[in-house]
Amino acid sequence: MLPQKLICAGFGGQGVMSLGQLLAYAAMTEDREVTWLPSYGPEMRGGTAYCCVIIADSPIGSPLIGDDASCAIVMNLPSFQKFEPRVAPSGLLIVNSSLIDQQSTRDDLRAYSLPANEIAVDCGNVKMANMVMLGAYLQLTNAVGQSSVLNAFKKVFGEKAEHLQKQSNEALIRGADYTRKKTSLRTAI
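In this text the structure is predicted, and so the values were computed from the model without any measurement.

This part takes up the packing of aromatic side chains. Using the criterion set out here, one finds two aromatic pairs in the structure. Their ring planes at 50 degrees and their centres at 4.7 Å tell us that Phe153 and Phe157 sit as a pair that is tilted. In this pair, Phe153 and Phe157 are both assigned in helix α5 (residues 146-157), four residues apart and thus about one turn of the helix distant. Accessibility expressed as a relative area gives 4% for Phe153, which makes it buried. Relative accessible area serves as the criterion here: at 24%, Phe157 is assigned to the partly exposed category.

To continue, consider the pairing of strand β3 (residues 48-56). Burial runs high along β3: nine of the nine residues are buried. Neither face of β3 is left uncovered, since the one carrying Thr48, Tyr50, Cys52, Ile54 and Ala56 and the one carrying Ala49, Cys51, Val53 and Ile55 both have all their residues buried. Bridging between strand β1 (residues 4-11) and β3 involves eight bridges; their strand directions are antiparallel. Its bridge partner lying in β3, Leu6 is registered against Val53. Alignment of strand β2 (residues 33-39) against β3, held across seven bridges, turns out to be antiparallel. Paired with Ser39 across the two strands is Tyr50, which belongs to β3.

Let us now look at the environment of Lys182. As for its placement among the helices and strands, Lys182 is situated in helix α6 (residues 165-188). Lys182 sits 68 residues away from Leu114 along the chain, and the two C-alpha atoms are 9.1 Å apart.

Each value, and the rule that gives it
- Residues numbered from 1 in each chain as written.
- Predicted model: local features only at pLDDT ≥ 70, side-chain atom pairs only at ≥ 80, totals over all residues.
- Heavy atoms only, no water.
- Phe/Tyr/Trp six-rings, centres within 6.5 Å; stacked < 30°, edge-to-face > 60°.
- Helix = DSSP H or I, 4+ residues; strand = E, 2+ residues; numbered from the N terminus.
- Buried < 20%, exposed > 50% of the residue type's maximum accessible area, 1.4 Å probe, protein only.
- Pairing = 2+ DSSP bridges.

What follows is the structure in structure tokens.
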């Protein structure tokens, strides 16, 4: 598998750091090489917060991702505007259409939109939008297994959040299902 170079971005409080951590821990449980590099600072409260995750089968030379991200998961419009240009040609852009009303104008990447907030509300908790987006990412890339993400959930959130694991699993499934259906429609057209 080629290295997965992922940027997870949104505003502070949308769970983009948790999304990245879940993915990193899941990859570690599958004996993969992984880096997780968060961006903290003045952007964290209300501005664009992001993290970079690299998953590979061989050692990773640097945790930095330049303009060659294989994927960007963007949760809000400022993140879309900032990180869409950093996705490599033939890369993947996953957009939260609940908060982003723009479409990618690039014809050299694969762009997928899903209403993550609405799907999360249907799961019972709007804070699960990050898990919906992660489910879409897993469906499109098979970067790690869903069961590995669920096992990582305990490591990232601890025992105090165990009651949220069922909703998280539901959000992962719904994000994957929505994306699978949209992908099937694209193929059929």
